[in-house]
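# Breakdown of the fold
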Amino acid sequence: MGGEGVFITVDGPSGVGKSTVARSLGRLLAGRGWTVTCTTEPSSAAIGELARFGTHEFHRRALSCLIAADRYHHVDTVVAPALECGEVVVCDRYLPSSLVLDQLDGVPVDFVWSTHQDLPWPNLAIFLSGDWRLCAERAARRGNHSRFHRADDPVKRREVELFEQVAGELATKGYPVSRYDIGDQDAEAVRQGIAHLVCVQLGL
Ligand SMILES: Nc1ncnc2c1ncn2[C@@H]1O[C@H](COP(=O)(O)OP(=O)(O)O)[C@@H](O)[C@H]1O
Ligand SMILES: Cc1cn([C@H]2C[C@H](O)[C@@H](COP(=O)(O)OP(=O)(O)O)O2)c(=O)[nH]c1=O
């Protein structure tokens, strides 16, 4: 991407605490003097909103392409410009979410790679993991709007397993995977753990 910023992504199953971690990481780094762009995928652009609230209408390759299109648009209009200004970008969900959710939806992983081959990789890809029941309960309490949120228990369990699998596969490709298991930690303990991880991995 050419800029001097730092690109951090946060992935993991629904309800594991991605948004909570992304927000607290943004506050932490802003407190250390960085200009921080906290953002999400699907993005807040029109195409992102179509994807976020369109998981009942769109399926398999169509949804996969919609998410990928939003991702390229988001990188072009939000992520790359911020990195070029030397900012830290913290993105809630990125490529790993497609590798997991598209596979869960029956899309071959090679198809996902084919549409994602020109995307920049982050400097640090945080994978949050946790007990699938705990994640599902927290996601349900917060509110379910996606087809994936309303899936049966075996699918939710599979989502958690697939994040583990994809983390391993990406790590072997040299993707900058950093795993963090939330265990039974409260949000403050996770915040401290992630702050330590970012400090060790990136020296920020
Ligand atoms: N470590 C934690 N302990 C207890 N509750 C948490 C923790 N992390 C997040 N939560 C709560 O769980 C719910 C889901 O968290 P959220 O960050 O939205 O997850 P995600 O973005 O992964 O779907 C929210 O209500 C949030 O306040
Ligand atoms: C980023 C991404 C999202 N999605 C869809 C399914 C997700 O449930 C939804 C994201 O909705 P979101 O509101 O971010 O919920 P959460 O992250 O808590 O699950 O968008 C995909 O299908 N693939 C992706 O790569």
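The chain appears in an unreviewed UniProt entry as Thymidylate kinase from Kitasatospora purpeofusca. Its UniProt record gives the chain the following Sequence similarities (unreviewed entry) comment, quoted word for word: "Belongs to the thymidylate kinase family." According to the UniProt record, the Catalytic activity (unreviewed entry) comment for the chain reads "dTMP + ATP = dTDP + ADP".

### Brief notes about the site of ligand 1
In the vicinity of ligand 1 lie 14 residues, with Gly15, Lys18, Ser19, Thr20 and Arg142 positioned nearest. Backbone polar atom of Gly17 to an oxygen atom of ligand 1: 3.0 Å apart, as the coordinates give it. Separating an oxygen atom of ligand 1 from a side-chain N or O atom of Lys18 is a distance of 2.8 Å. Coverage of ligand 1 by the protein amounts to 75% of the 560 Å² it exposes when considered alone. When contributions to the shell around ligand 1 are tallied by element, the ones reaching two or more residues are helix H1 (18–31), helix H6 (132–142) and helix H8 (187–202). At 3 residues, H1 tops the list of elements feeding residues into the shell around ligand 1. The residue inventory of the shell around ligand 1, partitioned by class, reads 4 nonpolar, 6 polar and 4 charged.

### Digging into the site of ligand 2
Taken together, the neighbourhood of ligand 2 is formed by 18 residues, with Ser14, Arg52, Arg93, His145 and His149 sitting nearest. Side-chain polar atom of Arg71 to an oxygen atom of ligand 2: 3.1 Å apart, as the coordinates give it. The side chain of Arg93 places a nitrogen or oxygen atom 2.8 Å from an oxygen atom of ligand 2. In the complex, 94% of the free accessible area of ligand 2, which totals 530 Å², lies under the protein chains. Of all the secondary-structure elements, those providing two or more residues to the shell around ligand 2 are helix H3 (60–84) and helix H4 (95–104).

Thresholds, definitions, all that
Residues numbered from 1 in each chain as written. Chains lettered and ligands numbered in written order. Predicted model: local features only at pLDDT ≥ 70, side-chain atom pairs only at ≥ 80, totals over all residues. Heavy atoms only, no water. UniProt positions renumbered as here; feature names shortened; annotations may be inferred. Near = heavy atom within 4 Å. Polar contact = N/O pair within 3.5 Å; in protein donor to acceptor, adjacent residues only side chain to side chain. Areas by Shrake-Rupley, 256 points an atom, 1.4 Å probe, with all protein chains shown as cover. Helix = DSSP H or I, 4+ residues; strand = E, 2+ residues; numbered from the N terminus. Nonpolar A, V, L, I, M, F, W, Y, C, P; charged D, E, K, R; others polar.

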